[in-house]
Amino acid sequence: MGINGFQGMVITQQGLNLLEKAQTGTQLKFTRVAVGDGNLSGQDPTLFTQLIDQIMSLNISEINIGGSSNATISTVLSNEGLNTGFYWREIGIFAQDPDLGEILYCYNNLAGHEIFVPAINTKQFKASLEIEVFISNAVNVTALIDPSLTYVPLTGATMVGLLILSGDPDQALGAATKQYVDNHLPPNATTTQPGIVEVSAAPTGIPVAVSTTDPAYTAVNGGTYVTPGEGLTSTSQTNGQTLGVVFSTSTPAAETEGNAGAAGTSTEAARADHVHPMPASYKPSAHESTHVTGGSDAIPVATETTDGLFSSTDKTKLDSITSGATNTPLSNETPSSESAGTVGTAGNSIEAARADHVHSMPATYAPSAHASSHAYGGADPITPVSIGAETPEGAQAKADSIQSNLNEHLADNTTLAQTGHVELQTIVDGSETTALTPKALNTHMSDYVRQPGYGVTSGTNTYTVTLSPASTAYTEGMCVAIKIEATNTGASTLNVNILGAINLLKADGSAFLPGDLAAGNIYTFRYNGISFILQGEGGGFLRVDFSNYNAVTSDTAFNRSTATSLGFGRELLAATSIGNYALFGGGYSGTDNAIVDAYDTSLVRTTPTVLSTSRSRLAATSIGNYALFGGGSGYMATVDAYDTSLTRTTPTALSAGRNNLAATSIGNYALFGGGNTSSTVFSGVIDTYDTSLTRTNPTALSVIRSNLAATNTTSYAIFSGGYTTSYAGSAVTDAFNASLTRSTPTTLSVARGDLSAASVGSYALFAGGADGYTDAKDDVDAYNNSLTRSIAPSLSSKRYQMGATKLNTNYALFGGGYDIGGSTSSSIIDAYDSSLVHTNAPSLSVDRGQSLAAASVGKYAIFGGGWSWSTGSPSAVVDAYAFATKLQIPIAGSIYNFGSGDITTSSNMTSVTVTNPITGYIKYKKGVVS
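Here we summarise the structure given alongside this text. None of the values given here were measured: they were computed from a predicted structure. (Residues numbered from 1 in each chain as written. Predicted model: local features only at pLDDT ≥ 70, side-chain atom pairs only at ≥ 80, totals over all residues. Heavy atoms only, no water.)

What follows concerns the pairing of strand β43 (residues 709–712). Sheet topology places β43 next to strand β44 (residues 717–720); four bridges connect them, and they run antiparallel. Bridging across to β44, A709 finds its partner in S720. (Pairing = 2+ DSSP bridges. Helix = DSSP H or I, 4+ residues; strand = E, 2+ residues; numbered from the N terminus.)

Here is the structure:
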């Protein structure tokens with residue numbers, strides 16, 4: 001069976017990244033197709049890197065590149081080798097990324113339309129698949145092709161195509177197909193049929209020689225073996241015996257006493273139970289009695305010179321000897337007393353002495369006489385060295401050293417070269433005069449209350465300094481003068497000698513602002529018990545701080561810059577803002593896409609998670625912490641929500657899928673209204689989402705219509721204009737308050753669709769448009785907080801499908817669009833202030849129409865995308881507008897910082913251009929202006 005034109009593949013984030021590389025020439029190479037049975041239950045397929053549950057990987061058989069930015073990939077899904085059937089629910093196509101390796105390029109899930117693929121043993125299954133894949137403008141597209149998937153059809157007797165051959169049968173073809181060989185293999189051998197047998201090496205223990213030319217044994221009978229070529233040669237063999245060997249069944253004869261065993265000569269093999277009986281005369285008890293005393297073959301008793309048996313008498317004697325005894329007798333004679341002065345001699349008796357054998361000591365050997373011989377002057381004096389005592393010479397040397405130190409102490413006053421007396425200085429503390437010893441001097445020097453310490457700081461904001469001598473504690477009144485090594489960037493602290501960080505404050509108790517503590521300057525602080533307080537501002541400066549200040553002067557002007565381009569050039573996209581980001585999502589560039597580009601307050605572009613479905617002609621607005629993108633081409637009902645961290649979720653879908661709708665917000669609600677539910681059916685439905693993304697449906701629009709516009713005042717969300725079912729312009733205006741109650745204020749001054757809307761001050765402005773795509777308009781209607789309509793000055797040219805947003809709270813901007821008949825696109829920017837005064841900002845860098853998108857973030861109003869007639873393609877250009885004011889700084893030497901660091905003016909009346917709203921400061925130098 002065949003499945004052609006497989007639709008709805010969703011490109012993953014990794015796939016989009018690879019596709020972006022392919023636009024610049026990187027090869028887009030598809031590697032394989034995979035199928036599985038995974039269920040999709042709320043997951044985001046754009047984040048997938050593999051299938052939920054892959055069952056099979058399929059090789060690609062063919063790839064065809066079409067002319068509509070698509071490629072068709074062909075493969076074959078077969079159950080060959082599939083042992084377990086499965087429900088085919090998911091499919092993915094993989095490609096080779098030069099940086100990441102193989103990635104999942106796109107994915108789809110067939111939930112609700114799954115196909116059962118049976119196991120091969122049930123029935124054969126084969127399906128040819130053709131899958132359409134979006135490749136945009138990639139020029140180097142290829143695939144890894146498996147030639148084996150080109151199957152050979154059988155037409156009559158002729159085989160056409162590629163063949164997988166195996167074997168070498170005797171055929172005219174010279175080779176046979178694998179199927180032929182498989183069909184002609186012989187069956188396994190049985191006891192009644194020859195065939196294929198399993199062979200192995202000779203088993204251990206088989207006592208049969210094996211031919212070196214035919215060494216294999218064949219396993220039969222559950223583990224016994226026969227040698228190649230041998231058969232069942234004996235009728236005496238039974239199951240379980242080793243085949244080819246004859247076993248003896250004779251009973252062996254009993255051996256007679258005294259007979260020696262002889263080597264066997266029989267060719268018969270012995271059984272495991274082959275034994276000889278032992279004669280009764282060989283029993284151990286009979287054998288023992290022959291060798292004891294009195295026996296027929298007695299062993300003699302041992303003597304001093306002859307070995308033999310040990311008698312019982314000798315055994316008794318040996319047992320009576322105490323362990324460790326010797327053969328030396330003990331003496332029992334009384335020893336003689338030694339006379340005084342007699343020198344002892346070595347003994348020569350072989351007799352051993354008893355434990356109580358002693359000699360008496362003569363009276364002449366008394367201790368007193370013995371001690372006198374070792375005293376100083378005795379016959380055998382003990383020296384100080386031998387007992388560790390001080391020698392006379394050592395004692396004298398120590399005495400001499402003490403005398404020398406005493407002499408130095410008694411010497412004259414000390415000098416740089418001589419140790420001596422120190423003359424004490426005195427200090428007066430009130431009425432008391434104090435002698436200043438070195439300790440007192442050190443204490444005085446570390447008294448930072450009486451005099452300031454000085455040091456150079458380290459670090460930025462969290463400054464540290466080391467004073468010498470070191471202070472041991474913070475004391476109220478402590479004074480420190482520090483030289484700043486690095487200019488502060490905010491509130492600062494000081495840590496003296498690692499005693500702990502203490503806040504540095506101005507004289508008025510406020511924290512230092514960025515740049516207050518300039519590098520290279522010296523500042524003096526005193527400790528008040530809590531913080532270090534600056535002692536005088538110094539420098540002759542007056543600082544003025546600006547915090548998000550909108551300055552409007554005669555020198556105020558618009559400033560246009562070009563930000564990083566969108567990831568893809570596209571038209572019919574939508575834009576809104578959330579937190580610190582302006583988001584541009586969806587659009588059309590030959591096909592619908594899901595890309596989202598985010599710009600922060602510094603115009604740095606990032607690419608968060610793509611929309612859950614690719615689409616154009618969608619609408620966008622914000623509520624609470626969420627930016628919402630709803631509806632879109634294909635009459636979709638999908639809503640994607642991005643929080644302030646750009647994390648995407650998918651809340652409840654619109655109650656009816658539609659495109660060409662409008663969106664805005666009021667109070668705690670985001671509103672999506674109107675649109676087409678088909679090419680001929682228009683809608684008046686209003687879907688609302690609160691700050692928790694819960695959807696409700698208030699009263700519908702008073703007239704169903706599409707291609708309308710929406711914006712808000714501080715009190716109302718307003719939907720105006722659009723096309724009715726006849727594609728005629730409508731002038732109807734519907735307003736919803738914060739409770740979602742609908743009213744119908746005065747209609748537009750001119751009926752029209754494809755108009756644009758933005759708010760400024762207390763006004764909601766609806767500008768431009770067309771009547772049936774034939775007559776462009778330049779009308780501008782303004783509704784205030786009371787829904788009173790007034791007519792603002794006209795646009796500088798007639799056009800429709802413009803981008804519109806506000807710049808700060810000062811201006812509503814309308815940019816680009818198509819002129820009459822849509823023959824050219826415009827680059828004009830019309831600006832309206834909060835008093836509805838009209839001016840023109842610098843033109844867009846590239847002309848653009850067909851619903852370019854616009855949003856605001858920080859100081860900037862941003863216009864992105866749209867169709868450019870001058871280039872003939874969807875545009876990726878992003879223009880950013882800011883409101884700039886010139887400030888005059890009258891005195892040279894003044895310092896200002898508006899985000900680029902401290903800058904010192906070099907002349908009087910320096911002009912500084914600053915982007916509104918202004919944040920920064922000016923330190924005005926004291927002086928005279930003349």
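In this section: the pairing of strand β6 (residues 70–78). The two faces of a sheet get side chains in turn, since along a regular strand they alternate between them. Counting buried positions along β6 yields eight of nine residues, so the element is predominantly enclosed. Pairing of strand β5 (residues 60–65) with β6, which is carried by five bridges, proceeds in the antiparallel orientation. When the bridges of β6 are listed, I60 appears paired with T75. Bridge count between β6 and strand β11 (residues 126–134): nine bridges; the pairing is antiparallel. Pairing of A71 across the sheet is with V133, part of β11. (Buried < 20%, exposed > 50% of the residue type's maximum accessible area, 1.4 Å probe, protein only.)

Another aspect to go through is unusual backbone geometry. Note that the residue after S468, namely P469, is joined by a cis bond; omega there is 0 degrees. Of note, P469 is situated in the loop between β23 (462–465) and β24 (479–483). The backbone phi angle of N707 is positive, close to 55 degrees, even though this residue is not glycine. Tracing the backbone shows N707 in the loop between β42 (695–696) and β43. If you check the backbone angles, D754 has positive phi at about 55 degrees while not being a glycine.

Reading across the sheet, the seven strands line up as β22-β24-β27-β28-β26-β25-β23 and stay open at both edges, with mixed pairing between neighbours. Two strands close off the open sheet at either side, each with one partner strand: β22 (453–456) and β23. The mean inter-strand angle of the sheet, taken between neighbouring strand axes irrespective of direction, is 30 degrees. Inspection of the sheet shows strand β25 (residues 492–496) paired to strand β26 (residues 501–505) by four bridges, in the antiparallel sense. What sits directly across from T493, in β26, is N503. (Axes fitted to C-alpha atoms, helices over the stretch in contact; angles between N-to-C directions.)

Right, let's talk about the nonpolar core for a bit. As a rule of thumb, nonpolar side chains are buried together in soluble globular proteins. Formed by 54 residues in total, the largest nonpolar core has its most connected members in L28, F30, L77, W88, I93, Y105 and L583. Considering each element in turn, this core owes the most residues, five residues, to β11. Setting aside anything within four residues of it in sequence, one finds I93 in contact with M9, F30, R32, V33, I73, I103, L104, Y105, C106, I131 and V133. (Core = buried A, V, L, I, M, F, W, Y, C linked by side-chain atoms within 4.5 Å. Contact = heavy atoms within 4.5 Å.)

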